[in-house]
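Given next are the chains, with one letter for each unit.
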Amino acid sequence: MKTDAEPVLTVEDLTVVYETEQPVTAVKNADLTLHKGEILGLAGESGCGKTTLAYAVNRLHRPPARIASGRITFHGDQGDIDILALEDAELRAFRWERLSMVFQGAMNALNPVLTVRAQLRDTLLAHRPRMSRKEIRERSEDVLTRVGVDPRRLGSYPHELSGGMRQRVMIAMAMLLEPQIMIMDEPTTALDVVVQRDILREIVRLRDELDFAVVFITHDLPLLLEISDRIAVMLEGEIVELATADRLYREASHPYTRRLLGSFPSLSGERGAFIRTGIDETLEERA
Ligand SMILES: Nc1ncnc2c1ncn2[C@@H]1O[C@H](COP(=O)(O)OP(=O)(O)OP(=O)(O)O)[C@@H](O)[C@H]1O
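Values in this document were obtained by computation on a predicted structure and should not be read as measured data.

The rules behind the values
- Residues numbered from 1 in each chain as written.
- Predicted model: local features only at pLDDT ≥ 70, side-chain atom pairs only at ≥ 80, totals over all residues.
- Heavy atoms only, no water.
- Axes fitted to C-alpha atoms, helices over the stretch in contact; angles between N-to-C directions.
- Helix = DSSP H or I, 4+ residues; strand = E, 2+ residues; numbered from the N terminus.
- Left-handed = near helix turned anticlockwise from the far one by under 90°.
- Contact = heavy atoms within 4.5 Å.
- Nonpolar A, V, L, I, M, F, W, Y, C, P; charged D, E, K, R; others polar.
- Core = buried A, V, L, I, M, F, W, Y, C linked by side-chain atoms within 4.5 Å.
- Buried < 20%, exposed > 50% of the residue type's maximum accessible area, 1.4 Å probe, protein only.
- Phe/Tyr/Trp six-rings, centres within 6.5 Å; stacked < 30°, edge-to-face > 60°.
- Pairing = 2+ DSSP bridges.
- Domains from an automatic or database assignment.
- Buried area = accessible area lost by both parts, 1.4 Å probe.
- Salt bridge = Lys/Arg side-chain N within 4 Å of Asp/Glu carboxyl O.
- Polar contact = N/O pair within 3.5 Å; in protein donor to acceptor, adjacent residues only side chain to side chain.
- Near = heavy atom within 4 Å.

Quick notes on the packing of helix α4 (residues 116-127) against helix α5 (residues 133-146)
- Remark: α4 packs on α5, axes separated minimally by 10 Å, with the N-to-C direction vectors making an angle of 115 degrees. Remark: the crossing between α4 and α5 carries right-handed chirality. Together, V116, L120, R121, L124 and L125 of α4 and I136, R139, S140 and L144 of α5 make up the contact between the two elements.
- Its residues placed into classes, the contact of α4 with α5 shows six nonpolar, one polar and two charged.

Next up, the structure:
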């Protein structure tokens, strides 16, 4: 991310309420700006509203969740898009082409009876009905290669892949139509540490190469400190802190953030023991 990057998404005064018997305000008056090519970490303990916020941005919230107030604007090359005002057809196109999502547990998100090839093809054809077979093959091979999966795996079914590979395929799917924003909700949480780190490196590298913006959601603050340009910390539905990763690490202003930092023993020494190797200087420059 360049320091002068322009905003690609603005969330203003967003409030989301679950209209249950005892209504739960899961997101309270959230303000957030995501810049082009930025990795924005969204941190906070379980139940603080991270997923609700991310889903609302993509209009994936379902009853009983209701957007009580707010404005969400995508700033595209062809002007601003008011996400909350999109009609269904526009929203379907918007979701893969401008903003895509990667969820935890790729087995759930991939269709178990379709090969990787078929899933990539179907997603492409749904948005690019005139794409030729050759173009589909080339695009599918290209995205798989980019995420570190051998294109010979195109003929595999999800259960024939390792958990890490399935998650990489999900990232490939999310990249397929070259969106400007990818929202990743705990995409590596279920994976073992080595696989997780490999995939995180890949995400940072892809961002450097393709310049899309990422909202990376996890309760794992040490991980966010290593990969994020900026980090937003949520507490009980509110964004209580928003700062560059370095600043947050050195001088967090909110007591909750300081408590959160203190609760990770691995953070008592130097920030970022693993991923920073090799990409730390660029992260310093970007922050
Ligand atoms: N379908 C629902 N009905 C009622 N309340 C809900 C529903 N989904 C979430 N909530 C509540 O909204 C609040 C925020 O939940 P959310 O899942 O967004 O948090 P989170 O930070 O993403 O948590 P996690 O890390 O566990 O996914 C919580 O209090 C949760 O109990």
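What to know about the nonpolar core
- Counting 49 residues, the largest nonpolar core has L144, I203, F216, L221 and I231 as its most contacted members.
- Top contributing element to this core by residue count: helix α6 (residues 163-175), with seven residues.
- Counting 35 residues, the second largest nonpolar core, distinct from the first, contains L32, L34, I72 and M234.

Considerations on the packing of aromatic side chains
- Evaluation of the coordinates by the stated rule reveals two aromatic pairs.
- Here F74 and F94 contribute two aromatic rings whose centre-to-centre distance is 5.3 Å and whose plane-to-plane angle is 90 degrees, an arrangement assigned as edge-to-face. Placement of the pair is F74 in strand β4 (residues 65-76) and F94 in helix α2 (residues 88-97), with a sequence separation of 20 residues.
- We classify F74 as buried; its relative accessible area is 0%.

Observations regarding the sheet that holds strand β3 (residues 39-43)
- Spatially, the six strands line up as an open sheet ordered β6-β7-β8-β3-β9-β10, and their pairing is mixed. Of all the strands in the sheet, the pair left with one neighbour each is β6 (99-102) and β10 (238-244). Each strand of the sheet is rotated relative to its neighbour by a mean of 20 degrees, with strand direction disregarded.
- Pairing geometry for β6 and strand β7 (residues 181-185), over four bridges, is parallel. Each bridged residue has a counterpart across the sheet, and for L99 the counterpart in β7 is I181.
- Helix α1 (residues 50-57) rests against β3, β6, β7, β8 (213-217), β9 (230-235) and β10 of the sheet, and its axis sits at about 150 degrees to β7.

Digging into the domain arrangement of the protein
- With domains assigned, the protein is organised as domain 1 (7-98 + 180-286) and domain 2 (108-178).
- Of the roughly 1400 Å² buried at the junction of domain 1 and domain 2 (both faces included), carbon and sulfur atoms supply 64%.
- Ionic pairing is found between E209 and R146, a salt bridge with its closest N-O pair at 2.4 Å.
- Between the two partners, domain 1 and domain 2, sit six residue pairs in polar contact (both at pLDDT 80 or more).
- Put simply, the parts of the chain that give the side of domain 1 that touches domain 2 at least two residues each are α2 and α7 (193-210).
- Per element, the largest residue contribution to the side of domain 1 that touches domain 2 is nine residues, and it comes from α7.
- The residue makeup of the side of domain 1 that touches domain 2, split by class, is 10 nonpolar, one polar and six charged.

Quick word on the sheet that holds strand β1 (residues 7-18)
- Judged by pairing direction, the sheet is antiparallel, and its four strands sit side by side in the order β2-β1-β4-β5 without closing on themselves. The open sheet has two free edges, formed respectively by β2 (24-35) and β5 (79-82), since each of these has just one partner strand. Between one strand and the next, the sheet's axes are offset by a mean angle of 5 degrees, whatever the strand orientation.
- Two strands pair when backbone bridges link them, and β1 and β4 are joined in this way by eight bridges, in the antiparallel orientation. By the bridge assignment for β4, Y18 is matched with A65.
- Against the sheet, α1 engages β1, β2 and β4, with an angle of about 120 degrees to β1.

A closer look at the site of the ligand
- The local shell around the ligand holds 13 residues, among which S46, G47, K50, T51 and T52 are the closest.
- Contacts to the ligand include S46, whose side-chain N or O atom sits 2.4 Å from an oxygen atom.
- Between the ligand and T52 there is a distance of 2.4 Å, counted from an oxygen atom to a side-chain nitrogen or oxygen.
- When residues of the shell around the ligand are traced back to their parent elements, those giving at least two are β2 and α1.
- For the shell around the ligand, the leading source of residues is α1, giving three residues.
- Here the residues of the shell around the ligand are counted per class, giving five nonpolar, six polar and two charged.

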